[in-house]
Amino acid sequence: MRLSRLFLPTLKENPAEAVIVSHRLMLRAGMIRQHAAGIYNWLPLGTRVLQNIAKIVREEQNFAGAQEIIMPTVQSGELWKESGRYDDYGPEMLRIKDRHERDMLYGPTHEEVVTDIFRNNAKSYRNLPLNLYQIHWKFRDEVRPRFGVMRGREFLMKDAYSFDVDFERSKHSYNQMFVAYLRTFARMGLKAIPMRADSGPIGGDMSHEFIVLAETGESAVFCHKGLLEKPAPENVDYQSNLQAIIDDWTSLYAATEEKHDAAMEAKLGADLVKARGIEVGHIFHFGTKYSAAMKAQIAGPDGQPLTPLMGSYGIGVSRLVGAIIEASHDDAGIIWPEGVAPFRVGIINLKVGDAACDAACTDLYAKFTKAGVDVLYDDRDERAGVKFADNDLIGVPWQIVIGPKGIAKGVVELKRRGSTEKEEISLDAALNKFTAK
Ligand code: ATP
Ligand code: MG
């Protein structure tokens, strides 16, 4: 992409409405624009990041054996009357009447819909285990939408739903999602801490929240520092017993403020980390809550009717964009981890109009494009200072700076966003660095 063509409405000043850094930077970097309270337009730069995050989530869900589907955003209220949540959910649910005066709603979550799919289409225990997920928009009429995409009213969520024949199998599905989450967040350059949670209005008997540490997090958290050092599990065989991995991660102390045990302060001493956190994921096991209420029975192995055990597993895909920025930025702007960056490498032409600079830049740009490297070429006729500031603001992880002095010697400057190190390398070396397999 040429920067001169990119629809990138950056802002020089800090927008007054943004109180946290990720919201400020997303507005300044032209990623999002507010449409109404808690409802956002995603502009090209923001859309790229959101899709990169969704891609990682999707790959890890697929590896873990979940199958992607797409459910409607607008749902029938009838299903929610069956589960009993139509009245319970309260004002967070956006209720709509269609032209026939039927009760409809914009889905805040999808347990009812997925249970309805299951009961209408699954026949026997042979359909299990089953885990269906989607990456789709939700609406919750939050009391206080704030912090930009962190607490929106409309937001993108990955929600998965598992169905199993018995508790052991269901626990295994839960463990699969637990491990998938550890891997998912690590691929985004995040340290996410799994924390035992009360399961809230969805109800249940097993639940963990995944919390990213950041100064502006909504809740205070306490944890053993070992949790921050643990690498995510690699080469996981999702069919094998995963309990040892779960036990390993849950054996270290982690608690929210409400559940924090003062005695642990003394016990852990210097090993205790006190921080603030952002919830980026939440997994629940709730057994037969919905399958029983909605009579989602299938034939069991003994021919008798079987009510499957269920779990649901959410990831705040749009919230993650903000969470990643909270965890990775400096005074100049965003520092994207490579896995989610809107572009992997930027080419900065210091002297547009200089024949040698233009030729070197367009040649490198063409070769990157051909090799499938996501490249942003800053071909604007602007001062070097403006270009550096914009490129730092939008946080492309690598910058190749091409100017007349260097080109005369056949070299360019390679910079890593977020570090002060610079390297002079040949044009070929710059090309190879990003195209070599
Ligand atoms: P919270 O306590 O933050 O309101 P929740 O318990 O209501 O979250 P879930 O129903 O478990 O959230 O939703 C799954 C994930 O969706 C959450 O872990 C969070 O990352 C994300 N999420 C929830 N509400 C919002 C929102 N209003 N805006 C953006 N993301 C959200
Ligand atoms: Mg909520």
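The paragraphs below set out a description of the structure included in this document. Residue indices begin from 1 for each chain and proceed along its sequence in written order. Going through the entries in the order they are written, you letter the chains from A and number the ligands from 1. At least 70 in pLDDT is required for a residue's local features to be given in this predicted model, at least 80 for side-chain atom pairs to be given and counted, and no such filter applies to totals for whole chains, interfaces and linings, which use all residues. To get the side-chain values, all heavy atoms of the structure are used, and hydrogens and water are removed first.

### Considerations on the overall build of the protein
- What counts as a helix is a DSSP run of H or I of at least four residues, what counts as a strand is a run of E of at least two, and both are numbered from the N terminus. Across its full length, the protein carries 15 helices and 23 strands.
- Taking 2.2 N^0.38 as the reference for a compact globule, 437 residues should give roughly 22 Å; the C-alpha atoms of the protein span a radius of gyration of 24 Å, in line with that estimate.
- Seen through its C-alpha atoms, the protein measures out along the principal axes to roughly 80 × 60 × 45 Å.
- Partly exposed describes any residue whose relative accessible area lies between the buried limit of under 20% and the exposed limit of over 50%, with all areas from a 1.4 Å probe on protein chains only and scaled to the type maximum. The buried share among the 437 residues of the protein stands at 56%.
- Throughout, the Shrake-Rupley method with a 1.4 Å probe supplies accessible areas, and for residues the shown protein chains are the sole cover considered. When the accessible surface of the protein is summed, it comes to about 19700 Å², and 50% of that surface belongs to carbon and sulfur atoms.
- We treat Lys and Arg as the positive residues and Asp and Glu as the negative residues; His and chain ends play no part in the count. Taken as the charge location is NZ of Lys, CZ of Arg, CG of Asp or CD of Glu. Both charge centroids of the protein, one from 55 positive and one from 59 negative side chains, sit 3 Å from each other. Our radius of gyration is a C-alpha quantity, and the globule rule it is checked against amounts to 2.2 Å times the number of residues to the power 0.38.

### Some thoughts on the site of ligand 1
- For each residue, the test is whether any non-hydrogen atom lies within 4 Å of the molecule or strand; if one does, the residue is near. Residues in contact with ligand 1 amount to 15 residues; listed here are only the nearest, Arg140, Glu142, Arg151, Gly152 and Glu279.
- Counting of polar contacts relies on pairs of N or O atoms within 3.5 Å, with two restrictions inside protein: one atom must be capable of donating a hydrogen and the other of accepting it, and residues adjacent in sequence are counted only when both atoms are side-chain atoms. Arg140 is positioned such that a nitrogen or oxygen atom in its side chain is 2.9 Å from an oxygen atom of ligand 1.
- At a separation of 3.4 Å, a nitrogen atom of ligand 1 approaches a polar backbone atom of Met150.
- Contact with the protein chains removes 84% of the 580 Å² of surface that ligand 1 exposes when unbound.
- Among the elements that take part in the shell around ligand 1, strand E13 (residues 272–287) stands out by supplying 4 residues, more than any other.

### Concerning empty space enclosed by the protein
- In this analysis, the protein atoms alone were mapped onto a 1 Å grid. Cavities are point sets where a 1.4 Å probe fits without being able to get out; pockets are open sets with protein on both sides within 12 Å along at least five of seven lines; lining residues have an atom within 4 Å of a point. Grid points are joined across faces, edges and corners, and a volume is the space filled by probe spheres set on the points. Under the counting rule described, the total for this entry stands at 1 cavity of 30 Å³ or more.
- Here the largest cavity defines a volume of roughly 60 Å³.
- Lining the largest cavity, in full, are Ile39, Tyr40, Trp42, Trp137, Val149, Gly152, Glu154, Phe155 and Ser318.
- When contributions to the lining of the largest cavity are tallied by element, the ones reaching two or more residues are strand E2 (39–42) and strand E8 (154–164).

### Focus: the pairing of strand E11 (residues 219–224)
- Burial of E11 is extensive: 5 of the 6 residues sit out of reach of the surface.
- Strand direction decides the pairing type here: E11 and E13, joined by 6 bridges, are antiparallel. Across the sheet, the residue bridging to Ala220 is Arg276, located in E13.
- Bridge count for E11 against strand E12 (residues 254–256) is 3 bridges, and the pairing is antiparallel. Each residue of the ladder has a partner; that of Cys223, found in E12, is Ala254. A pair of strands is labelled paired if DSSP reports no fewer than 2 bridges between them.

### Some remarks on the pattern of salt bridges
- One speaks of a salt bridge when a side-chain nitrogen belonging to Lys or Arg is within 4 Å of a carboxyl oxygen belonging to Asp or Glu. With the rule as written, the count across this model stands at 33 salt bridges.
- Between Arg153 and Asp141 there is a salt bridge, and its shortest N-O distance comes to 2.8 Å. With a gap of 12 residues between them, Arg153 in the loop between strand E7 (130–139) and E8 and Asp141 in the loop between E7 and E8 connect regions that are remote in the sequence.
- A residue is classified by how much of its surface remains accessible, and Arg153, at 18% relative accessible area, is buried.
- Salt-bridge contacts for Asp392 lead to Arg417; the nearest nitrogen and oxygen are separated by 3.8 Å. Linking Asp392 in helix H13 (residues 384–394) with Arg417 in the loop between strand E22 (411–416) and strand E23 (422–426), this pair joins segments that are 25 residues apart in sequence. Taken as a pair, Asp392 and Arg417 share a single burial class, namely buried.
- One salt-bridge network, in which partners are shared between bridges, spans Lys55, Glu59, Glu60, Arg183 and Arg187.

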